[in-house]
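# Coordinate analysis (summary)
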Amino acid sequence: MVIVAELLKALGKIEGLRPSAPEPARSWIPWDVDAVAVDVEDDLVCVRVVATRLPLQCAEAGEVLRAVLVGTQWEDAMLRIVVTDVDKRALDHLNGA
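Predicted model, so just to flag it, every value in this text is computed and none were measured.

The rules we used
Residues numbered from 1 in each chain as written. Predicted model: local features only at pLDDT ≥ 70, side-chain atom pairs only at ≥ 80, totals over all residues. Heavy atoms only, no water. Helix = DSSP H or I, 4+ residues; strand = E, 2+ residues; numbered from the N terminus. Contact = heavy atoms within 4.5 Å. Areas by Shrake-Rupley, 256 points an atom, 1.4 Å probe, with all protein chains shown as cover. Axes fitted to C-alpha atoms, helices over the stretch in contact; angles between N-to-C directions. Parallel < 35°, antiparallel > 145°, perpendicular 65-115°, else oblique. Left-handed = near helix turned anticlockwise from the far one by under 90°. Salt bridge = Lys/Arg side-chain N within 4 Å of Asp/Glu carboxyl O. Buried < 20%, exposed > 50% of the residue type's maximum accessible area, 1.4 Å probe, protein only. Core = buried A, V, L, I, M, F, W, Y, C linked by side-chain atoms within 4.5 Å.

## Concerning the overall build of the protein
- When helices and strands are counted, the protein shows three helices and four strands.
- In the protein, the succession of α and β elements from N to C terminus is α-β-α-β-β-α-β.
- Expressed as a percentage of contacts within the protein between residues at least 6 apart in sequence, the contacts between residues at least 24 apart total 71%.
- Accessible surface for the protein amounts to roughly 6000 Å². Of this, 55% is attributable to carbon and sulfur atoms.

## A closer look at the packing of helix H1 (residues 2-11) against helix H3 (residues 58-69)
- For the pair H1 and H3, the least separation of the axes is 9 Å and the interaxial angle reads 150 degrees. In terms of their interaxial angle, H1 and H3 are classed as roughly antiparallel. Considering the relative orientation of H1 and H3, their crossing is right-handed. Residues Ile 3, Glu 6, Leu 7, Ala 10 and Leu 11 of H1 form the contact with H3, whose own contacting residues are Val 64, Leu 65, Val 68 and Leu 69.

## With respect to the pattern of salt bridges
- Tallying each qualifying case throughout the model produces six salt bridges.
- A salt bridge links Asp 87 to Arg 89; the shortest N-O distance between them is 2.8 Å.
- Residue Asp 87 is classed as buried on the basis of its relative accessible area of 13%.
- Between Asp 92 and Lys 88 there is a salt bridge, with its nearest N and O atoms 3.4 Å apart.
- Since its relative accessible area comes to 23%, Asp 92 is described here as partly exposed.
- You can call Lys 88 exposed: its relative accessible area is 63%.

## So, the nonpolar core
- Leu 7, Leu 11, Leu 17, Val 45, Val 47, Leu 65 and Leu 69 are the most contacted members of the largest nonpolar core, which has 19 residues in total.
- Where this core is concerned, the elements lending two or more residues are H1, strand E3 (44-51) and H3.
- Of the residues forming this core, the biggest block, six residues, is contributed by H1.
- Leu 7 has contacts with Val 38, Val 40, Val 45, Leu 65, Val 68 and Leu 69, leaving out every residue within four places of it along the chain.

## Section: the environment of Arg 89
- Within the secondary structure, Arg 89 sits in the segment after strand E4 (78-86).
- We classify Arg 89 as exposed; its relative accessible area is 59%.
- Through-space distance from the C-alpha of Arg 89 to that of Arg 53 is 7.2 Å; in sequence the pair is 36 residues apart.

Structure representation (structure tokens):
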């Protein structure tokens, strides 16, 4: 689905967030496994992410992802960003690293 690819491309521009996709699957699935991080329904677009840096850039992510939906059939859909995990490196600064 083209909108999924566009959302993933936009997500790639946001520092500190990456698509939440199962790591083991990356080695054997022959298609863009990041696409499993995005669900698109008529009235809801859900993007699951992993935080790779803190503080979270949720407001920026919302703006960037919402801009992708403008002019599409999902323009008025609810946009949900779900943080499924926090990468260990995002917490390194707490230990003085």
